[in-house]
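Overview (structure and organization)
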Amino acid sequence: MLRMGERRIKIAIVGGGIAGLALAAGLAKQPHIDMHVYESVTAYKDVGAGLALHLNAIRAMATISPELRQAYFNKASSMGDEDQMMSTNVILAQGPHKGQLVAELGRAKGRKTVSRADLLDGFLALVPRECISFGKRLVSINEQLPGEHKVGLTFRDGSTAAVDCLLGADGIHSVTRAYLLGTDHPATPPKNHDGWRIYRTMVSTGEARKQISTTWSHTVPVLLGPKGHVNCALLNKNTRLSAGVAVRGAVSSAGDSEPAPALDPALFADYSEEAQQIVRMVVANGASTSWTAADHDHAPFYARGRVAVLGDAAHASLPFAGNGAAQALEDAAVLNSLFSHRHRHRGAPAASRRGHIARALRAYDAVRRPRSQAVVDLARRFGRAYAYAEDGMHEDPARMRRFFSEMAAFTNDFDVVAQNEAALKLFLSDLDTGDEYEDDGAL
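Here's what I pulled together on the structure shown here. Numbering of residues starts from 1 in each chain and follows the order in which that chain's sequence is written. Predicted model: local features are reported for residues with pLDDT of at least 70 only, side-chain atom pairs are reported and counted for 80 or more only, and whole-chain, interface and lining totals are derived from all residues. Only hydrogens and water are set aside; all other atoms, that is, all heavy atoms of the structure, feed into the side-chain values.

Concerning the overall build of the chain
In this text, helices come from DSSP runs of H or I with a minimum length of four residues, and strands from runs of E with a minimum of two, each type numbered from the N-terminal end. Looking only at helices and strands, one finds 12 helices and 21 strands in the chain. Remark: exposure states derive from per-residue accessible area (1.4 Å probe, protein chains only) relative to the maximum for the residue type, with buried under 20%, exposed over 50%, and partly exposed in between. Sorting the 443 residues of the chain into buried and exposed places 55% on the buried side. Pairs of residues are marked as contacts when any of their non-hydrogen atoms sit within 4.5 Å. A fraction of 75% describes how many contacts in the chain between residues 6 or more apart in sequence connect residues 24 or more apart. Working note: accessible area of the chain is about 17,700 Å², and carbon and sulfur atoms make up 51% of it. With residues, only the protein chains shown are counted as cover, and all accessible areas are computed by Shrake-Rupley using a 1.4 Å probe.

What follows is the structure, encoded as structure tokens:
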């Protein structure tokens, strides 16, 4: 219920992926927020690899909404019994230490995997239908609108929207990021410094059991070597298996214009038999999906005025540390905490004052940018370590185990609630020390 004198903040979330829908699920509950999601596609496609969300992701979802966390559990597939300790097993598949286990990432009881499409379906059910529009591809932003709502959005179909705040969750090729940084800023376009290309296929679980070791029916392997690393995971309530090979140095840039080089099983002849089986299965099934992996160089800021980016639009990372979706959920958790707060400031509810939007977004930027960018760097290091290209680390399995253990602790064993509280503290401190009105259209 709105308090007397409180006006609703009109927020546009551009992008209905994991970050956008998670944030929308939280903000939809707030009576002082008028939120709408604008998604560019007309319908979600069943694309992307499976996700095994780690503890920090679970915690982030729980702080946004218990229903959000439950949606993940409802859609995810158990990799084993609920009381069974499981992990993503990182194993050397080539060289003198072949077969050695060097990491157990995301180790927990009752580990689960979920396809991106299933996760989005679960999140979408938590967003009121009237609060999301599909087929809305953003083309321009104008922060100088006359009238009550200062931020103008124009979409490819010619439609427009006027809002108080734009939160861009519009992916790695983000229009919002380009608007904030400038199209010619070196951190605006995606990068692929190590020339990664990923080949992936999806097969039924029954078919997979005919072609690869049944060991992988109850765990997620990452099998390492210099020609590429191999992995697979069960999805869709254990009815299908997603299998892939990531090859470093396969392409020269982040662009997808060049033809994809064919995946050659002969290159993996000195890998373990288990790894070779998965490679052969990917090739035999036509590598149904192949794409160039990319991430972002560090942006100098995630927010300016009443506009901010989150998720892949802010800090796209390579998929190798398994924490990209978790970082998007941490973004959503912080923004949800800031915009949900209704502390009374100088006689009026702080959250209702549109002039405070920029202050809230500054707090989000200050708290989230250092950690999320560290994860981008970490994912690059994971990729190089997987490819035996990280300072000779593959020659020392004990060193690899220490590295993966320390880095996994940094990403997963993290106090998400404390991060939300830190952002809120910064926001309220800024309110207490700042001027009554801001020069960005405050009321």
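The structure having been displayed, the exposition proceeds.
Some thoughts on the packing of aromatic side chains
Two aromatic rings, drawn from Phe, Tyr or Trp (for Trp, its six-membered ring), form a pair once their centres lie within 6.5 Å of each other, and the interplanar angle then sorts them: stacked below 30 degrees, edge-to-face above 60, tilted otherwise. For the coordinates displayed, the defined rule picks out 12 aromatic pairs. Centroid distance Y386 to F404: 5.8 Å. Interplanar angle 35°. Geometry classified as tilted. A residue pair is termed long-range when its members are at least 10 positions apart, and Y386 in helix α10 (residues 357-386) and F404 in helix α11 (residues 397-412) qualify at 18 residues. Judged by its relative accessible area of 1%, F404 falls in the buried class. Members of the aromatic cluster, each reached through a chain of ring pairs, are W196, F320, F382, Y386, F403 and F404. A cation over a ring is seen here: R304 above Y179, with NZ or CZ 5.4 Å from the ring centre. The cationic tip of R371 hangs over the ring face of F410; the distance from NZ or CZ to the ring centre is 5.2 Å. For a Lys NZ or an Arg CZ to count as sitting over a ring, it must be within 6 Å of the ring centre and within 35 degrees of the ring normal.

Digging into the nonpolar core
Definition of nonpolar core: a set of buried residues of the types Ala, Val, Leu, Ile, Met, Phe, Trp, Tyr and Cys, connected through side-chain atoms within 4.5 Å. One finds F123, L153 and F339 to be the most contacted residues of the largest nonpolar core, which totals 78 residues. Tallying contributions element by element places helix α9 (residues 324-340) first for this core, with 10 residues. In this structure, L105, L318, A379 and M393 belong to the second largest nonpolar core, which totals 27 residues.

Here we look at the sheet that holds strand β11 (residues 160-163)
Taken in spatial order, the three strands of this open sheet run β9-β10-β11, and their pairing is antiparallel. Only two strands of the sheet have a single neighbouring strand rather than two, namely β9 (138-142) and β11. Strand-to-strand, the axes of this sheet are offset by a mean angle of 20°, without reference to chain direction. Strand pairing follows a simple DSSP-based rule, namely that at least 2 bridges must link the two strands. Note on geometry: axes are C-alpha line fits, over the in-contact stretch for helices, and angles between N-to-C directions span 0 to 180 degrees.

Regarding the sheet that holds strand β8 (residues 132-133)
Where strands meet in a sheet, backbone hydrogen bonds hold them as pairs that are either parallel or antiparallel. Within the open sheet, the six strands sit side by side as β8-β2-β1-β12-β19-β18. Their pairing is mixed. Only two strands of the sheet have a single partner each, and these edge strands are β8 and β18 (303-304). Where β18 and strand β19 (residues 307-309) come together, two bridges link them in antiparallel fashion. Within β19, the residue paired with R304 across the bridge is V307.

Considering unusual backbone geometry
One non-glycine residue with positive phi stands out, namely Y388, at about 60°. Position of Y388 relative to the elements: it lies in the loop between α10 and α11. The class of Y388 is buried, set by a relative accessible area of 12%. You will see that D391, though not glycine, has its phi angle at about 55°, which is positive. Within the fold, D391 resides in the loop between α10 and α11. Since its relative accessible area comes to 62%, D391 is described here as exposed.

Structural notes on the pairing of strand β16 (residues 240-247)
The buried fraction of β16 is high, at seven of eight residues. Pairing of strand β13 (residues 197-204) with β16, which is carried by eight bridges, proceeds in the antiparallel orientation. Considered in β16, the bridge of R197 is made with V247. Pairing between strand β15 (residues 229-235) and β16: seven bridges, direction antiparallel. Bridging across to β16, L235 finds its partner in R240. Linkage of β15 to β16, two consecutive antiparallel strands, is achieved through a turn of four residues, within which N236 is found at a positive phi near 50°.

Regarding the environment of A366
Mapped onto the elements, A366 comes out in helix α10. Through-space distance from the C-alpha of A366 to that of F301 is 8.5 Å; in sequence the pair is 65 residues apart.

Here we look at the environment of A71
In this fold, A71 is placed in helix α3 (residues 66-75). Along the chain, A71 and D118 lie 47 residues apart, while their C-alpha atoms are 9.6 Å from each other. When neighbours within four sequence positions are excluded, A71 is seen to be in contact with G122, F123 and L126.

A word on the pattern of salt bridges
Salt bridges are defined by distance alone: a side-chain nitrogen of Lys or Arg within 4 Å of a carboxyl oxygen of Asp or Glu. In this structure the tally under the stated criterion is 19 salt bridges. Salt-bridge contacts for D331 lead to R368; the nearest nitrogen and oxygen are separated by 2.6 Å. Taken together, the positions of D331 in helix α9 and R368 in helix α10 put the pair 37 residues apart, joining distant regions of the chain. The same class applies to D331 as to R368, namely buried.

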